[in-house]
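The primary structure of each chain is shown beneath.
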Protein chains: 2
Amino acid sequence: MLRLSKLTDYATVLLAYMAKTNSHLHTAVELSEATAIHLPTVSKVMKVLSKAGVVYATRGSKGGYQLAQGPEQITVASIIGALEGPVAITECSSQTHDCEQASACEIKGNWGVVNRAIVNVLESITLADMMVTQQEYSSAEIQVSWQGLSR
Amino acid sequence: MLRLSKLTDYATVLLAYMAKTNSHLHTAVELSEATAIHLPTVSKVMKVLSKAGVVYATRGSKGGYQLAQGPEQITVASIIGALEGPVAITECSSQTHDCEQASACEIKGNWGVVNRAIVNVLESITLADMMVTQQEYSSAEIQVSWQGLSR
DNA sequence: TTTATACAGTACTAATTTAGTCCTATATCG
DNA sequence: CGATATAGGACTAAATTAGTACTGTATAAA
């Protein structure tokens, strides 16, 4: 679990296709046909990506979508952020509200550290990284270190 | 989003309480009273943690739960794994099934890199780390680096 | 200026997932 | 044997997500 929504997954597929064929504007119909994602869903996803500024939209005849930045500049964090809002693995990690558990919940806020670590990872991986084929991945490396407390 | 279930959150609260008072076996009733989490819910969570081997359970009179390892050995990944199964941010990241998107989905498997990076983070943070109070956190540091491809 | 094209916004329904509760079974101590 | 405590499973209700549809707005070309 710790799962992303399907819409976020669709978004990466759509954006990856756009990145590969960057020469022209892509209509929702074209994207739907190219990715086999139903048109209403493509439309829903692209609207959200457009609102978030991940893609530019042009209306009217000859209109369509294009990437707002190069694939190297579009981070996984920004894609997730567009579709699902800020990453917050627990209610505590995001909200300013008072926890009902009150005094009993001494973990309060400590998920924040985990959350921040995950956000760091998501901000360091780009659409370009995700487009690399699986074989090439065998040589990819990720290093994560949690330094603990400097006490 | 990218949210954990409430049960996972409860689990950390319960485990943190157990870690602080490690001298004796904790019954579900005691844990419920100490954490203000309803007894049926405590019971549900502890059963799962026990099955996963995060805690030991002793039945019968004088029975109860105790941590299976020290707080420094219990990783956030193992807690999440117990309650929610293996971390898999998308269906593709875990399943062996064939994707319906088939050829169109060239992103297939590439979430795996993101997934692995997140698992690394979760395995590097322990229950002990999470128990530190918030103030002390200001001095905590996490470093994450994504090295990209070595081509 | 009208028509066709294409995105924008919003609302609604169905499906899925999660949370919470309860009941019965099994193990252990005294 | 009886009291205590966990194990396992089933069930209901709530919340979230997915998918669809409808109406509005902008643009280009005839």
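Our structure's up above, just so we're on the same page.
Residues numbered from 1 in each chain as written. Chains lettered and ligands numbered in written order. Predicted model: local features only at pLDDT ≥ 70, side-chain atom pairs only at ≥ 80, totals over all residues. Heavy atoms only, no water.

**Q** How should the side chain of Thr8 of chain A be read in this particular structure?
**A** Inspection of the secondary structure puts Thr8 of chain A in helix 1 (residues 6-20). Of the residues examined, Thr8 of chain A reaches a relative accessible area of 0% and is grouped as buried. Look past the residues within four positions of Thr8 of chain A in its chain and what remains in contact with it is Ile80, Leu83 and Glu84 of chain A together with Trp111 of chain B. (Helix = DSSP H or I, 4+ residues; strand = E, 2+ residues; numbered from the N terminus. Buried < 20%, exposed > 50% of the residue type's maximum accessible area, 1.4 Å probe, protein only. Contact = heavy atoms within 4.5 Å.)

**Q** Could you clarify how one ought to interpret the protein's contact with DNA strand C in this entry?
**A** With respect to spatial proximity, 23 residues lie near DNA strand C, and among them Arg59 of chain A together with Ser5, Lys6, Lys44 and Arg59 of chain B are the closest. A breakdown of the atoms of DNA strand C within 4 Å of the protein gives sugar and phosphate a share of 68%. One of the backbone N or O atoms of Lys6 of chain B is found 2.3 Å from a phosphate oxygen in DNA strand C. In the environment of DNA strand C, a phosphate oxygen lies 3.2 Å from a nitrogen or oxygen atom belonging to the side chain of Tyr10 of chain B. Among the secondary structure elements, those contributing two or more residues to the surface near DNA strand C are helix 3 (39-51), strand 1 (55-58) and strand 2 (64-67) of chain A together with helix 1 (6-20) and helix 3 (39-51) of chain B. In terms of residue class, the surface near DNA strand C is built from 6 nonpolar, 12 polar and 5 charged. (Near = heavy atom within 4 Å. Polar contact = N/O pair within 3.5 Å; in protein donor to acceptor, adjacent residues only side chain to side chain. Nonpolar A, V, L, I, M, F, W, Y, C, P; charged D, E, K, R; others polar.)

**Q** How should I be thinking about the protein's contact with DNA strand D in this particular structure?
**A** Lys6 and Lys44 of chain A together with Lys47, Arg59 and Tyr65 of chain B are the nearest of the 24 residues found near DNA strand D. Counting only the atoms of DNA strand D within 4 Å of the protein, the fraction contributed by sugar and phosphate is 67%. At 3.3 Å from a phosphate oxygen of DNA strand D is found a side-chain nitrogen or oxygen belonging to Tyr10 of chain A. Ala28 of chain B is positioned such that a nitrogen or oxygen atom in its backbone is 3.1 Å from a phosphate oxygen of DNA strand D. Looking at the surface near DNA strand D, the elements that each hand over two or more residues are helix 1 and helix 3 of chain A together with helix 3, strand 1 (55-58) and strand 2 (64-67) of chain B. Of the residues contributing to the surface near DNA strand D, the split by class is 7 nonpolar, 12 polar and 5 charged.

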